[in-house]
Amino acid sequence: MIIELGHFALFIALAAALLQAISGLYAGHTRNLTYSNMANGASDVAFIAVIFSFFVLVYAYLTSDFSVKNVAENSHTLKPLIYKIAGAWGNHEGSMLLWVVVAAGYGSSLAHFGKSLSFGLKARAMGIQGLIIAAVVGYVVFASNPFLRLDTPPLQGNDLNPLLQDPALAIHPPFLYLGYVGLSLVYSLAIAGLMEGKIDAAWARWLRPWVLASWVFLTIGILLGAYWAYYELGWGGWWFWDPVENASFMPWLLATALLHSAIVTEKRGALAAWTVLLSILAFSLSLLGTFLVRSGVITSVHAFALDPGRGIWILMILAFFTGGGLLLYGLKGAKMASDKGLFAPISRETALILNNLFLVVACFTILVGTLYPLVGEAIYGRAISVGAPYFNAVFTPLMSVILLVLPLATMLSWKRAVLVTSSKKLVWVALVAILGGLLVAFLAKNKPMSAVGIAIGIWVILAAIFEISNRIGLGKMPLVQSLKRLQGLRLMAIGMFLAHLGVGIFTISAVIETSFKTETTKGLASGESVVFGGYKIKLDAIEASEGPNYYGDKAILSVRRRNDAFAMSPERRYYPAAKMPTTEVARHTNAFGELYIALGEPSIVDGRAVWTLRLYENPMIGWLFGGCMIIALGGVLSLLDRGLRIGAPKAKVKP
Amino acid sequence: MKRRDRTLILIILSGLILVAASIFVAIAMKKTVSFFYAPQDVAQNPPKIGTNVRLGGLVKSGSIIRGAEGKIDFIVTDGMAEIKVEYVGIAPDLFREGQGVIAEGQFISNDNFKASRILAKHDENYIPKEVATALKKSGQWKEPTSAAKYDGGRK
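Reading guide: rules and limits
Residues numbered from 1 in each chain as written. Chains lettered and ligands numbered in written order. Predicted model: local features only at pLDDT ≥ 70, side-chain atom pairs only at ≥ 80, totals over all residues. Helix = DSSP H or I, 4+ residues; strand = E, 2+ residues; numbered from the N terminus. Rg over C-alpha atoms; globule rule 2.2 N^0.38 Å. Contact = placed C-beta atoms within 7 Å. Buried ≥ 20, exposed ≤ 12 C-beta atoms within 10 Å, placed from the backbone. Nonpolar A, V, L, I, M, F, W, Y, C, P; charged D, E, K, R; others polar. Pairing = 2+ DSSP bridges. Domains from an automatic or database assignment. Core = buried A, V, L, I, M, F, W, Y, C linked by C-beta atoms within 7 Å. Axes fitted to C-alpha atoms, helices over the stretch in contact; angles between N-to-C directions. pLDDT = per-residue confidence, 0-100. Parallel < 35°, antiparallel > 145°, perpendicular 65-115°, else oblique. Left-handed = near helix turned anticlockwise from the far one by under 90°.

Draft legend 1. Examining the overall build of chain A more closely. When helices and strands are counted, chain A shows 19 helices and 11 strands. For a compact globule of 655 residues, the expected C-alpha radius of gyration is about 26 Å, and chain A comes in at 27 Å, within 12% of that figure. By principal-axis analysis of the C-alpha atoms, chain A measures approximately 85 × 75 × 60 Å. A fraction of 75% describes how many contacts in chain A between residues 6 or more apart in sequence connect residues 24 or more apart.

Put into structure tokens, the structure is as follows:
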């Protein structure tokens, strides 16, 4: 019964979302307050209805109701509680339900927190958001219903894919969707602005908190995914340029560009049309990402069993919103006469334009690489694949340019700047960075590109530190006074500092991790040992291990390096319900890297069981993920800045 | 500077960057793109020895030999032809006999392949598109039977 209520709530949500769409758009057209209130109310109804429906699904998982097909296929009575809950979105139908929960949540929060928005803009944005919710709820109801019942319920379920039974991956989809789908509201605001015919500094001011929030969530979501891939898959890597990974990275790149261009639009009233275009494209790429992940048109190492037939629906939604948005942009975008802020060729505006151009081009090259296998087959007459070598070849140089320009941009003043004065301040930073690069080149021969990468990282980090200490007058006045100044700094300024610092830390770590990691494969029988990277690793024994829904083999390793001795125990698990093995790696972390060991399958050599161990030494890996966390933290601080509160009063700078 | 000039410069600049990027992309693509081979393709279209390609098909039943130091030998078949594959490392969790597989690496002769990576799957029911196509061509294709025994397959 309750299951049917959950299903029924989706129909209510569909009706409410349609009402929200119609009344919102109509209110925007007629400036009628009643209809606008109706749209706001409808958004709450839609949100409550999908939340209810979502909780019903979670309830079905918690109670292991195997009469529901979705639960029978993805759950098991013995599964730990947290994965029963996470199982609700660890599958196609449930994850699409989560998608609409987030979309309706954003719609409803615009209704409540967007009080300072101009009447027409808000009403129309509510309308467009309603349209998006309706389209995806419609898809869930008619093509991907999570509440389908089985005629003969099985006694036990199939269990959630064991690779997904992991804490990082349990929260990865919610974060990713809070990011992806947050861009839907950015899109709605952009379309509403186009319909209003008014894209100005105030519009950008309303847009920014939503962009920033989506971007923070997306950053954390991608980070969680990469971290999961790193420790759960047992391949020792964290990024594979796989289509599914690219699908989340492309919207992130555009959201990053948007974050910067919206600042220009808000502060200087320039780049308005460009910011609108980015908003439309960023959401389009989110939808494209959903399509690529959910349709399986491109072979991915992260792919799960899929139904290509459903992809068509998502493709239609994608075509409608992208096509419609771009059409409207073509009709109205050129007439945006609000580009008022003039600036000289050397100015912060220009530097941010460069940042935007390169981010968009980087996104474009990834898009080409990701979709090329689809057209490649037609060109070459056979299946092809585009792998990491392509992406490394095109993406790395583009990113290097962005990172080289970044510190300069933070030094340049708005409107008009003198390059010499601004760059003079950075001469010492540049010198130290070059020296650092030379040192690396000298120490590690035959790795010139790594030296360049590390120099760029030092450049970004030192420039960020230099910039903030300049602002608080560190060293130029008593320390107490400097600290007071730091306290007085806008959170936004500290956020920018942290984000750029994080980028620098990430860059150095990623370069070092990629160029200096070592790995080897070794077969060991009980009692044998291997020397790897200064560690002496001895296989003491293989023990049987057992959990609630799995059993497995666990290697007991004793590891020694100089005076340091510790135990590690990588494991191979087998999940009988899902009929799948998994690798549980063992990791030993210190300040500058970690020893990472995966256990393979045994083979019988001379009558003894020899277990394969895959050993990795990954330098700087903790700093790599830490750098991403710092980037996200920078975003959070900016979001907390009083000027960026969603309910912030009117824009200070009138164009 | 006049607004129109500025816009013009911006458009030219972005155009230039885009053109440069496209040329760059095309060169990188030409250098790095890798072809997919099913075992039956090798006879008609012999691969260049020593270039990176992907090989896909089914792991022949009874063909996996695990040696010391993580060495794994197995045979990839599509029912029409067979290729011997050698690999060193830990195979992905779902690497099994009778299952679909994609190996990245190089042909060392027309029927020997040295794999540098075996593509993992995260899901038992997932079959890479290229492998499915190759199997359909050779008539070896069977609809994947889902682990969902009670309804004979996922919808």
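Draft legend 2. Seen up close, the overall build of chain B. Each helix and strand counted, chain B has three helices and seven strands in total. When the helices and strands of chain B are placed in sequence order, the string is α-β-α-β-β-β-β-β-β-α. Put simply, chain B has 155 residues, and 32% of those count as buried. Expressed as a percentage of contacts within chain B between residues at least 6 apart in sequence, the contacts between residues at least 24 apart total 53%.

Draft legend 3. Expanded view of the interface of chain B and chain A. Counting from both sides, the interface comprises 41 residues of chain B and, opposite them, 51 residues of chain A. Mapped onto the side of chain B that touches chain A, the elements with two or more residues apiece are α1 (3-32), β1 (34-37) and α3 (129-137) of chain B. Ranked by the residues each element gives to the side of chain B that touches chain A, the list is headed by α1 of chain B, at 11 residues. Tallied by class, the residues present in the side of chain B that touches chain A amount to 22 nonpolar, eight polar and 11 charged. When strand β1 (residues 384-385) of chain A meets β1 of chain B, the two strands line up antiparallel, connected through two bridges. If you follow I384 of chain A over to β1 of chain B, its bridge partner there is F35 of chain B.

Draft legend 4. Molecular detail of the domain arrangement of chain A. Domain boundaries in chain A define domain 1 (1-160), domain 2 (174-404), domain 3 (405-516 + 623-628) and domain 4 (518-622). Measuring from the centre of the C-alpha atoms in domain 1 of chain A to the corresponding centre in domain 3 of chain A gives 44 Å.

Draft legend 5. Broad picture of the environment of A27 of chain A. Mapped onto the elements of the fold, A27 of chain A is located in helix α1 (residues 2-30). The residues touching A27 of chain A, leaving out its near neighbours within four places in the chain, are N32, Y35, S36, A39 and A123 of chain A.

Draft legend 6. How the structure looks around the nonpolar core. Residue and element names in this part refer to chain A. Of all hydrophobic cores here, the largest spans 256 residues; its most connected members are A13, V100, V186 and L254. Ranked by residue count, the leading element in this core is helix α8 (residues 201-232), at 23 residues. In contact with V186, other than residues within four places in its own chain, are L207, W210, V211, S214, S279, A282 and F283.

Draft legend 7. Region of the structure containing the pairing of strand β4 (residues 71-77) of chain B. All names here are of chain B. The buried fraction of β4 amounts to five of the seven residues, a majority that puts the element mostly inside the structure. Alignment of strand β2 (residues 52-59) against β4, held across two bridges, turns out to be antiparallel. When the bridges of β4 are listed, L58 appears paired with T77. When strand β3 (residues 65-66) meets β4, the two strands line up antiparallel, connected through two bridges.

Draft legend 8. Main features of the environment of A81 of chain B. Residues and elements named next belong to chain B. Inspection of the secondary structure puts A81 in the loop between β4 and β5 (82-88). By the C-beta count within 10 Å, which is 17 here, A81 ends up partly exposed. For the pair A81 and Q106, spaced 25 residues apart in sequence, the C-alpha separation works out to 17 Å. What A81 contacts, discounting residues up to four positions off in sequence, is P39, Q40, V42 and A43.

Draft legend 9. Spatial organisation of the sheet that holds strand β11 (residues 608-619) of chain A. Residue and element names in this part refer to chain A. The antiparallel open sheet is built from four strands, whose spatial order is β2-β11-β10-β9. Each of the sheet's edge strands pairs with one partner strand only, and the pair in question is β2 (518-524) and β9 (586-590). The average undirected angle you get between the axes of adjacent strands in this sheet is 20 degrees. Relative to β11, β2 is paired through seven bridges, and the arrangement is antiparallel. The residue of β11 that forms the bridge with T521 is R614.

Draft legend 10. Here's a closer look at the environment of P162 of chain A. All names here are of chain A. As for its placement among the helices and strands, P162 is situated in the loop between α6 (119-143) and α7 (167-196). A tally of 23 C-beta atoms within 10 Å means that P162 is categorised as buried. Once the C-alpha coordinates of P162 and P581 are considered, the two residues, 419 residues apart in sequence, prove to be 7.9 Å apart. Those residues in contact with P162 that sit more than four places away from it in its chain are Y550, R573, Y575, A578, M580 and T582.

Draft legend 11. Expanded view of the confidence of the model for chain B. In the predicted model, chain B carries a mean pLDDT of 79, and the fraction of residues at 70 or more is 81%. For chain B, α3 of chain B is the element with the lowest average pLDDT, namely 76, and β5 of chain B is the one with the highest, namely 92.

Draft legend 12. Representation of the domain arrangement of chain B within the structure. Here the domain parsing of chain B yields domain 1 (1-32) and domain 2 (36-137). The centre of domain 1 of chain B, based on its C-alpha atoms, is set 41 Å off from the matching centre of domain 2 of chain B.

Draft legend 13. Structural view of the confidence of the model for chain A. Overall, the predicted model of chain A reaches an average pLDDT of 90, with 95% of residues at or above 70. Within the model, pLDDT remains below 50 along residues 647-655 of chain A, and this stretch shows 21 contacts once partners closer than five positions in the same chain are excluded.

Draft legend 14. Local environment of the pairing of strand β4 (residues 535-546) of chain A. Residue and element names in this part refer to chain A. Of the strand pairs in this sheet, strand β3 (residues 529-532) and β4 are connected by four bridges, and their pairing is antiparallel. The residue of β4 that forms the bridge with S529 is K538. Between β3 and β4, which pair antiparallel one after the other, the connecting turn spans two residues, and G533 there sits at a positive phi close to 55 degrees. For β4 and strand β5 (residues 551-561), the ladder comprises 10 bridges, and the chain directions are antiparallel. Within β5, the position partnered with A541 by the bridge is I556. Here β4 hands over to β5 after four residues, the two strands then running antiparallel side by side.

Draft legend 15. A look at α3 of chain B. Listing the buried residues of α3 of chain B in full gives K129, E130, V131, A134 and L135 of chain B. Of the surrounding elements, those touching the buried residues of α3 of chain B are β1, β2 and β6 (100-109) of chain B.

Draft legend 16. The packing of α6 of chain A against α7 of chain A, seen in detail. Residue and element names in this part refer to chain A. Remark: α6 packs on α7, axes separated minimally by 8 Å, with the N-to-C direction vectors making an angle of 130 degrees. If you check the angle between α6 and α7, you find them oblique. Relative to α7, α6 is oriented so that their crossing is right-handed. Here G120, L121, R124, A125, I128, Q129 and I132 of α6 lie close against α7, whose contacting residues are S184, L185, S188, L189, I191, A192, G193, M195 and E196. Considering only residue class, the contact of α6 with α7 consists of nine nonpolar, five polar and two charged.

Draft legend 17. Representation of unusual backbone geometry. Residue and element names in this part refer to chain A. Positioned with a positive phi, N446 is a non-glycine residue whose angle comes to about 65 degrees. Note that N446 resides in the loop between α15 (427-443) and α16 (448-471). The phi torsion at M620 lies on the positive side, around 65 degrees, for a residue other than glycine. Residue placement: M620 occurs in the loop between β11 and α19 (621-640). On the basis of neighbour counts, which here come to 24 C-beta atoms within 10 Å, the residue M620 falls in the buried class.

Draft legend 18. Spatial organisation of the packing of helix α2 (residues 33-62) of chain A against α6 of chain A. Residues and elements named next belong to chain A. Where α2 contacts α6, the two axes come as close as 10 Å, and the packing angle between them is 35 degrees. For the pair α2 and α6, the crossing hand works out as left-handed. Residues S36, A39, N40, A42, S43 and A46 of α2 pack against F119, A123, M126, G127, G130 and I133 of α6.

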